[in-house]
Amino acid sequence: MYYSSGNYEAFARPLKPEGVDHKSAYLIGSGLASLAAACFLVRDAQMPGSHIHILEKNSIPGGALDGDELPGVGYVMRGGREMDNHFECMWDLFRSIPSIETEGVSVLDEYYWLNKKDPNYSLCRATENRGEDAHTDRKFNLSDKAALEILQLFMTPDEKLANVKMTDIFDDEVYNTNFWMYWRTMFAFKDDQSALEMKRYMQRFIHHIGGLPDFTALRFTKYNQYESMVLPMVKYLEDHGVQFHYNTTVKNVLFDIQREKKIAKHILTERDGEEESIDLTEDDLVFYINGSNVENSSYGSQTKATGMDGEIHEGGSFDLWRKIAAQDPAFGRPDKFCCDPEDSNWVSATVNTLDGGEIIPYIEKICRRDPLSGGVVTGGIVTVRDSSWLLSWTINRQPQYRNQPKGQVLVWLYGMFSDVPGDYVKKPMRDCTGMEICEEWLYHLGVPTDRIPEMAASSANTVPVMMPFACAYFQPREAGDRPAVVPEGSVNFAFIGNFAETPRDTVFTTEYSIRTAMEAVYTLLNVDRGVPEVWGSVYDVRDLMDSMVQLRDGRPITDMKLDVKQKLALKELLKKTEGTEVEKLMKEHHVI
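If you're wondering where the values come from, they're calculated on a predicted model, not measured in any experiment. (Residues numbered from 1 in each chain as written. Predicted model: local features only at pLDDT ≥ 70, side-chain atom pairs only at ≥ 80, totals over all residues. Heavy atoms only, no water.)

### Observations concerning the sheet that holds strand S11 (residues 274–279)
Across the sheet, three strands lie side by side as S9-S10-S11; this open sheet has antiparallel pairing. Lying at the two open borders of the sheet, with one neighbouring strand each, are strand S9 (249–257) and S11. The sheet shows a mean angle of 20° between the axes of neighbouring strands, taken without regard to direction. Bridging between S9 and strand S10 (residues 262–271) involves eight bridges; their strand directions are antiparallel. Residue pairing in the sheet places Thr249 in a bridge with Glu270 of S10. (Pairing = 2+ DSSP bridges. Helix = DSSP H or I, 4+ residues; strand = E, 2+ residues; numbered from the N terminus. Axes fitted to C-alpha atoms, helices over the stretch in contact; angles between N-to-C directions.)

Here's what the structure looks like:
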């Protein structure tokens, strides 16, 4: 497996790998990484679909990419996905997945046309004082000291950030800024989480720093992620004969660990109470999504709270990873990610407005758009800056479900601090019913307090979900905690998804799931085509200049508060660039 860039290999079709017709594949879990791996097996490895088996413990596919209407409960989305134009592996995949809505076009075509016609941007990034615009005004409000703290992290080598928390590098000079509010609510970072992941995010998305305050960097699907992404992939795979085995729990994978070889030999499964062993040869490939950020999701309802279950249970994804990891150190250390649910949890909720009139005017006042227009509404999350729960909410294009009744709006919201009493509902978010969570949200929209209980009860239906491991990806870690996609010596086994390790890319993204799947398939089957490298904006001096100026709210470096020695050094540096292309670039990008 190797990386490539440019369109030479992007448009090429690889030759059929030798011996692929005699191989088979077993994919544990049906989340995005597994679905993507199966698609790459079909398209690029040209494996017969009937040789590909997806083992899923639930009755439907998709993993964390959900979007459902629970009978008698209501619509629910555990999370949403933000995407950008440089998800190279993702768009490489979806150019080949036919749309299930429009004949003759791909999912990529459909997505591209939608976001060109209706580009995303926010008109209100944050509120305070019960629905008033917080007037962040696209500013980061970083002092020179805060900017230097960020630069310090940006320039620190990965190996020096092993198990380092952001609180070891940042102080209130960063934490009390618009920058940090934007960042932590958009990506779900908490103050004490991994400095290494923070650095990766900054480097990965350096080309989008300017779009952070108003979300011009983002793009979204037409419907919820299940209908827009999962269903087209499943249809593609089923059309190619891929076998889906639902209600099948994988209890363990047993390995033959030799000095230079690691061979998966048996997959132990349970279905309808019956245990079975799938015996493997070196031609039987296993792809495993280790760990899950939606493990132990607990659903509430309009009248029921979610509670929280942070235990690791038999048959769960972390339990299976523990059993696999116990067989070889190269298989990672799951307990680095699943043993502190109090730090990794958050609660989300889906609010379904029912009458089309009572709540919508309050939404319109904040987002300054008609939620029923069919176009962009909030353009990304609106963060309630003075919320005790650190509440953020968003409304994507409506309808979000194909069967959604006309005139209704679906709102997704989440709170990062589920153990703190609310500002209106004096209870922790995890202890609140859907109706009480809606009351808290209506309070921060500015609804008069005497109208809040009635509106939450009769004008909306709210379904909350607790996810104890929602941002477990960001727990401080070191090399080896996440296993390599294909561990050294592995003959027929690969880890895929956001708890596997691939260089430079960022977890908690659809791109990471698809990238690890592509790397796994290309490695185990020796597919002779490059995996698109992570977009190289961190190595582009133009993007670096732009981001430096944007982070300082447009101020040039000559405006920095420097001591005499630093001023002389800067003056000498600038003098050396006079009359050069470097000076010309710095002027074009407003660095000087």
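### Notes on the packing of helix H1 (residues 32–43) against helix H8 (residues 225–239)
For the pair H1 and H8, the least separation of the axes is 10 Å and the interaxial angle reads 35°. Of the two elements, H1 crosses H8, and the hand of that crossing is left-handed. Touching Leu32, Leu35, Ala36, Ala38, Cys39, Val42 and Arg43 of H1 are Met229, Val230, Met233, Val234, Tyr236 and Leu237, all from H8. Looking at the contact of H1 with H8, its residues break down into 12 nonpolar, no polar and one charged. (Left-handed = near helix turned anticlockwise from the far one by under 90°. Contact = heavy atoms within 4.5 Å. Nonpolar A, V, L, I, M, F, W, Y, C, P; charged D, E, K, R; others polar.)

### Section: the pairing of S11
Inspection of the sheet shows S10 paired to S11 by six bridges, in the antiparallel sense. Note on S11: the bridge partner recorded for Thr269 is Glu276. Following S10, the chain reverses through two residues before pairing antiparallel with S11; Asp272 in that reversal takes a positive phi of roughly 55°.

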